[in-house]
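Summary of the model geometry
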Amino acid sequence: MSGARTEEKGFYGVYGGSIVPPELQEALNHLEEAFEKYKDDEEFNKEYKYYLKEYVGRENPLTFARNLTEKLGGAKIYLKREDLNHMGAHKVNNVLGQILLAKRMGAKRVIAETGAGQHGVATATVCAMFGMECVVYMGLEDTKRQALNVFRMEMLGAKVVAVAQGQGKLKDAVDEALNDFVANYKNTFYLLGSAVGPHPYPAIVKHFQSIISEESKRQILEKEGRLPDAVIACVGGGSNAIGAFAHYIDEPSVRLIGVEPDQAATMAEGVPAIIHGFKTLTLLDDDGNPKPVYSIAAGLDYPGVGPEHSYLKEIGRAEYYTVTNDEVLDAFQTLSKTEGIIPALESSHAVAYALKLAPQLKPDQIIIVNISGRGDKDVEHVFKLLKERN
Ligand SMILES: *Cc1c(COP(=O)(O)O)cnc(C)c1O
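Everything quoted here is computed from the prediction, not taken from an experiment. Counting restarts for each chain: residues are numbered from 1 in the order of the written sequence. At least 70 in pLDDT is required for a residue's local features to be given in this predicted model, at least 80 for side-chain atom pairs to be given and counted, and no such filter applies to totals for whole chains, interfaces and linings, which use all residues. Side-chain metrics rest on all non-hydrogen atoms present in the structure, leaving aside hydrogens and water.

To count toward a patch, a residue needs a relative accessible area over 30% and no salt bridge; like charges are then connected within 9 Å, while nonpolar side chains (Val, Leu, Ile, Met, Phe, Trp, Tyr) are connected within 5 Å. Method for areas: the Shrake-Rupley scheme with a 1.4 Å probe, in which residue coverage is limited to the protein chains shown. The term salt bridge refers to a side-chain nitrogen of Lys or Arg lying within 4 Å of a carboxyl oxygen of Asp or Glu. A cluster of nonpolar residues, Leu148, Phe151 and Met155, forms a patch on the protein surface that exposes about 370 Å² of accessible area. Strands here mean DSSP runs of E at least two residues long; helices mean DSSP runs of H or I at least four residues long; both are numbered from the N terminus. Along the chain, the position of Met155 falls in helix α7 (residues 147-155). For Met155, a relative accessible area of 59% translates into the label exposed. The buried label goes to any residue with under 20% of its type's maximum accessible area, the exposed label to any with over 50%, and the partly exposed label to all in between, with areas taken from a 1.4 Å probe on protein chains only.

Listed below in structure tokens is the structure:
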């Protein structure tokens, strides 16, 4: 599989790495060893593909958005339908791969941290499926704001630990999860939700999310007999984007485009800094600490981004743009009305950029937009946002 060139394991140019205390490094080495052993193992991959088909419902379609294409009058638009996966988003590709790895490593217990609750629910789901004990750390404030997701996790059999330390937010939940991991890594697997964190996590998450572009490349070649001119994905931590880009990175004719909220513009405004044990472009406050960011899409409010995106930007291989909340809300409604597909607010960022790009391109050009998730979870929120706007 293609990838950014790494001078040293875990580095993407100057980004990435593993800047952690020795106790944690020991746990990460243990994980890296297992990942290296299984990632090309035939039996392991057979099992992964089996569950992708039978549990997740892959492969999902690459849908030609005929109405939207006609409306915009430019490039042909195809939608990669991660919204049709079990649980309605791309996150399952990664949590499934990691839980199979956990099983091979002999782990009895899985831990995770979650902010809005999406990754916690995804982790609790596969733990239920594979009969693993599951503990999810969540900031106390977040458990109050996301009570329904807490209930979902509990219904799936997970234990949710509300972290009251610090500000009771995601960062505090991460700290607690790391303490647990260091103390218990011999029987506990720390399941990380995006293409972030110290090595080997960004490599692991990319590996499992690459199924998105493995499929879309095969599908577009079947449908059009050629590669797309651009692939567009939204960027939070960067997992759906790196998965949507992976098999095109070594195809220079394909533009790779990541889209962020303008109020969490990590790629546009971030500076190189160390965050959560790795180096990447990060939004910092005046004191040099990671800046609290905001997005109308809960899955995009991370102040950093996966290290490979920082590198792809630096070498000019990928482009990153921001869109406004108004553009996102318009895109949410436009795709719903023209195609009968309600995209997640996160995915609506990618759609919003596609609405701008397509009319600038010619009708014989092709864009793939990664629909990272479905928007049912966001309908009530959008209802309120539209009321405020009018
Ligand atoms: C979590 C989430 C995202 C953001 O995460 P990435 O790691 O950047 O992909 C995007 N879309 C949806 C639907 C999500 O649930």
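We treat two strands as partners when DSSP finds at least two bridges between them. What the six strands build is an open sheet, ordered β3-β4-β14-β9-β10-β13; its pairing is mixed. Looking along the sheet, the strands with just one partner apiece sit at the ends: β3 (62-64) and β13 (318-323). Within the sheet, the average angular offset between the axes of one strand and its neighbour, ignoring direction, is 25 degrees. Across three bridges, strand β9 (residues 230-234) lies against strand β14 (residues 366-371) in parallel orientation. Note on β14: the bridge partner recorded for Val231 is Ile368. Where helices are involved, their axes are fitted lines through C-alpha atoms of the stretch in contact, as for all axes, and angles between N-to-C directions lie from 0 to 180°.

What follows covers the site of the ligand. Around the ligand there are 17 residues in total, and Lys91, Ser194, Gly236, Ser239 and Ser372 lie nearest to it. Here a polar contact is taken to be a pair of N or O atoms separated by no more than 3.5 Å, where protein atoms must pair a possible hydrogen donor with a possible acceptor and residues adjacent in sequence count only if both atoms sit in side chains. With respect to the ligand, the backbone of Gly236 contributes an N or O atom lying 2.8 Å from an oxygen atom. At 2.8 Å from a nitrogen atom of the ligand is found a side-chain nitrogen or oxygen belonging to Ser372. Compared with its free state, where it exposes 380 Å², the ligand has 97% of that area covered by protein. Any residue that is not Ala, Val, Leu, Ile, Met, Phe, Trp, Tyr, Cys, Pro, Asp, Glu, Lys or Arg is counted as polar, Gly included; the first ten are nonpolar and the last four charged. Residue composition of the shell around the ligand, by class: four nonpolar, 11 polar and two charged. Here, proximity means that at least one heavy atom of the residue falls within 4 Å of the molecule or strand.

Where each domain starts and ends follows an automatic or database-derived domain assignment. For the protein, the assigned domains are domain 1 (13-50 + 91-205) and domain 2 (57-89 + 210-389). The centre of domain 1, based on its C-alpha atoms, is set 24 Å off from the matching centre of domain 2. Facing the 27 residues of domain 1 at the interface are 32 residues of domain 2. Throughout, the accessible surface (probe 1.4 Å) given up by two parts as they are put together, summed over both, is called the buried area. Across the domain 1 to domain 2 interface the summed buried area is about 2200 Å²; carbon plus sulfur atoms make up 65%. With a closest N to O distance of 3.1 Å, Glu214 and Lys49 form a salt bridge. Contacts: residue pairs with any heavy atoms within 4.5 Å of one another.

Centre distance within 6.5 Å is the pairing criterion for rings of Phe, Tyr and Trp, where only the six-membered ring of Trp is used; planes under 30 degrees apart are then read as stacked, over 60 as edge-to-face, and the remainder as tilted. On inspection of all chains with the given rule, the structure shows nine aromatic pairs. Measuring from ring centre to ring centre gives 4.7 Å for Tyr321 and Tyr353, while their planes differ by 5 degrees; the resulting arrangement is stacked. Here Tyr321 is found in strand β13, whereas its partner Tyr353 is found in helix α15 (residues 345-357), with 32 residues between them in sequence.

Here the bond from Arg58 into Glu59 is cis, since omega is 0 degrees, no more than 30 degrees from zero. Structurally, the position occupied by Glu59 is in the loop between α2 (42-56) and β3. For Met87, which is not glycine, the phi torsion reads 75 degrees and is therefore positive. Structurally, Met87 is set in the loop between β4 (76-81) and α4 (91-104). Positive phi values are uncommon outside glycine, yet His276 reaches one of about 45 degrees. With respect to the secondary-structure elements, His276 resides in the loop between β11 (271-275) and β12 (278-282).

So, about the packing of helix α1 (residues 22-38) against helix α9 (residues 201-209). Following both chains from N to C, one finds α1 and α9 inclined at 30 degrees, their axes separated by 10 Å at the closest point. Judged on the interaxial angle alone, α9 and α1 are roughly parallel. Considering how the two elements wind past one another, α1 and α9 form a crossing that is left-handed. Residues Leu28, Leu31 and Phe35 of α1 form the contact with α9, whose participating residues are Tyr201, Ala203, Ile204 and His207. Of the residues belonging to the contact of α1 with α9, the class tally is six nonpolar, one polar and no charged. Orientation is classified from the angle alone, with under 35 degrees giving roughly parallel, over 145 giving roughly antiparallel, 65 to 115 giving roughly perpendicular, and any other angle giving oblique. Handedness of a crossing is defined here by the sense of rotation of the near helix relative to the far one, left-handed for an anticlockwise turn of less than a right angle and right-handed for a clockwise turn.

The next thing to look at is the state of the cysteines. For this text, the term disulfide refers to a pair of cysteine sulfurs within 2.5 Å. The tally for this structure, following the rule as stated, stands at zero disulfides. Just so you know, Cys134 is unpaired, no disulfide at all, and the nearest cysteine sulfur is the one on Cys127, 3.7 Å from it. With a relative accessible area of 4%, Cys134 lands in the buried category.

Turning to the packing of helix α5 (residues 118-130) against α7, a few remarks are in order. It is at 9 Å that the axes of α5 and α7 come closest, and there the two elements cross at 10 degrees. Viewed along their axes, α5 and α7 adopt a mutual orientation that is roughly parallel. Two secondary-structure elements touch here, α5 through Gln118, Gly120, Val121 and Ala124 and α7 through Asn149, Arg152 and Met153. The residue inventory of the contact of α5 with α7, partitioned by class, reads three nonpolar, three polar and one charged.

Here we come to the nonpolar core. As used in this record, nonpolar core signifies buried Ala, Val, Leu, Ile, Met, Phe, Trp, Tyr and Cys residues forming a set joined through side-chain atoms within 4.5 Å. Leu101, Phe181 and Phe245 are the most contacted members of the largest nonpolar core, which has 86 residues in total. The residues that make up this core include at least three from each of domain 1 (13-50 + 91-205) and domain 2 (57-89 + 210-389). Look past the residues within four positions of Leu101 in its chain and what remains in contact with it is Leu31, Ala34, Phe35, Tyr38, Phe44, Phe189 and Ile204.

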